[in-house]
Amino acid sequence: MPPPSAPAPLLPIAISLGDPAGIGPELIAAAWAVRDAEGLPPFFAVGNRALVEAAAHSRGLAFPVVAISAPDEAAAVFPHALPVLDVGACPYTPGQPDDAGAALALRALEIATALVRQGAAAALVTGPIAKSRLAHIGFRQPGQTEFVAEACGITAENAVMMLAGPNLRVVPITVHVALRDVPFLLSAELIRSRSAIAAAALTRDFGVAHPRLAIAALNPHAGEDGRMGTEDSAVIAPAVAALREAGIDARGPLPADTMFHAEARATYDAAICMYHDQALIPIKVLDFDEGVNVTLGLPIVRTSPDHGTAFGIAGKGIARPGATIAAIRMAGQCAARRAAAG
């Protein structure tokens, strides 16, 4: 019997440029510069070759940046040059966002997403955008997550945000909403469904055979028997019960103030949090330079560095590339697990 054939190498990863006036382009260049030391999978930028080259020069990086006409050219180029799929033109004006830059960012996002959906790239990494600039040119989605979900035919409710780093994974049930609105937006079904999506993704994309979920309470001390709110017993506890009935190892509602120290983190694979800051404060304390935004529940792998455009430091060569490197690495790992599973 012939030996089993080796798995086919992954296709390169597509990285959308992000706002060209932000730190996205220079961090793509910085990631390529350390590709071997960091063990990064092959990738190509979607945007503009001359702009990426100028962004690289702003960091004192001098290496070839080569325009490609199709994703299948990227793998051969990647070992000796940074491949860039040209999809538009825009001058490099770091720290000065404008409509032309927003248009290029949107075009790059659209094309990179389409390439991954078509199977021409292994995964999608999205560079940071300025939502206000995109809205100014007619972008109607709240953000890139919603855009990618819609492009994949997934409703926004079923596209779940996870922030992942070396020390912690968190999933906020509600995201960009006012804190005063959170109690009215939470429901047992929302918590159950998003937690179930997270559990499935931990297995499919992160290789966790038996995911353990820690479900945070909304109120201090998990409501303290109703003295500080009834949401924990009336809304969150039934969601936890439903998850356990479905065979998912879920515990809670747990007081959030004791969930994130090292001993507690060792007991779960992801923390399910009720609102934005409950999730993002601990991961930014623990994994500020390596936090990755992963969109769960999609038919494609999509990650993004967990930071914004940082216009104030763009082009100054001081933006740290750790989160971009981590986003590329995680995209490659998740895509490889999906490919291996068939």
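Higher on the page you've got the structure.
Just so we're clear, the structure is a prediction, and the values are computed from it rather than from any experiment. (Residues numbered from 1 in each chain as written. Predicted model: local features only at pLDDT ≥ 70, side-chain atom pairs only at ≥ 80, totals over all residues. Heavy atoms only, no water.)

**Some details on the nonpolar core**
(1) Moving on: Grouped together as the largest cluster of nonpolar side chains are 95 residues, with contacts concentrated most on Phe43 and Ile215.
(2) Moving on: For this core, the leading source of residues is helix α4 (residues 99-117), giving nine residues.
(3) Moving on: Dropping the residues within four chain positions of it, Ile215 is found in contact with Ile191, Ser195, Ile236, Val240, Leu243, Ala250, Arg251, Gly252, Pro253, Leu254, Ile272 and Met274.
(4) Moving on: Counting 15 residues, the second-largest nonpolar core is a separate cluster that includes Ala214, Ala216, Met259 and Leu280. (Core = buried A, V, L, I, M, F, W, Y, C linked by side-chain atoms within 4.5 Å. Buried < 20%, exposed > 50% of the residue type's maximum accessible area, 1.4 Å probe, protein only. Helix = DSSP H or I, 4+ residues; strand = E, 2+ residues; numbered from the N terminus. Contact = heavy atoms within 4.5 Å.)

**Comments concerning the packing of aromatic side chains**
(1) Moving on: Scanning the entire structure with this criterion turns up three aromatic pairs.
(2) Moving on: Seen in terms of ring centroids, Trp32 and Phe63 are 4.5 Å apart; in terms of plane orientation they differ by 40 degrees. Their pairing is tilted. Separated by 31 residues along the polypeptide, Trp32 in helix α1 (residues 24-33) and Phe63 in the loop between α2 (49-58) and β3 (65-68) bring together distant segments of the chain. Each member of the pair, Trp32 together with Phe63, is buried.
(3) Moving on: Its guanidinium or amino end placed over the ring of Trp32, Arg35 lies 3.6 Å from that ring's centre, counting from NZ or CZ. (Phe/Tyr/Trp six-rings, centres within 6.5 Å; stacked < 30°, edge-to-face > 60°. Lys NZ or Arg CZ within 6 Å of the ring centre and 35° of its normal.)

**A few points about the pattern of salt bridges**
(1) Moving on: Tallied over the entire structure, the rule returns 10 salt bridges.
(2) Moving on: Note that Glu189 is salt-bridged to Arg192, the shortest N-O span being 2.8 Å. One end of the pair, Glu189, and the other, Arg192, are both in helix α8 (residues 188-206), three residues apart, so they sit about a helical turn from each other.
(3) Moving on: Of the charged contacts in the structure, one is a salt bridge between Asp205 and Arg338, with a shortest N-O distance of 2.7 Å. Note that Asp205 is positioned in helix α8 and Arg338 in helix α12 (residues 322-341), a separation of 133 residues in sequence. By the burial criterion, Asp205 is buried, and Arg338 matches it. (Salt bridge = Lys/Arg side-chain N within 4 Å of Asp/Glu carboxyl O.)

**Considering the sheet that holds strand β6 (residues 160-164)**
(1) Moving on: Strands sit in the order β3-β4-β2-β1-β5-β12-β11-β6-β7-β10-β8-β9 across an open sheet of 12 strands; the sheet is mixed. Sheet topology places β3 and β9 (249-254) at the edges, where each strand pairs with a single neighbour. Taking each pair of neighbouring strands and ignoring which way they run, the sheet shows an average axis angle of 25 degrees.
(2) Moving on: Note that strand β8 (residues 212-216) and strand β10 (residues 270-273) share three bridges and pair parallel. (Pairing = 2+ DSSP bridges. Axes fitted to C-alpha atoms, helices over the stretch in contact; angles between N-to-C directions.)

**What about unusual backbone geometry?**
(1) Moving on: That bond from Gly252 to Pro253 is cis: its omega, 0 degrees, falls within 30 degrees of zero.
(2) Moving on: We note that His221 has phi near 60 degrees; this positive angle belongs to a residue other than glycine.
(3) Moving on: The backbone of Asp225 shows a phi angle near 55 degrees, a positive value even though the residue is not glycine.
(4) Moving on: Counting through the fold element by element, Asp225 comes out in the loop between β8 and α9 (231-245).

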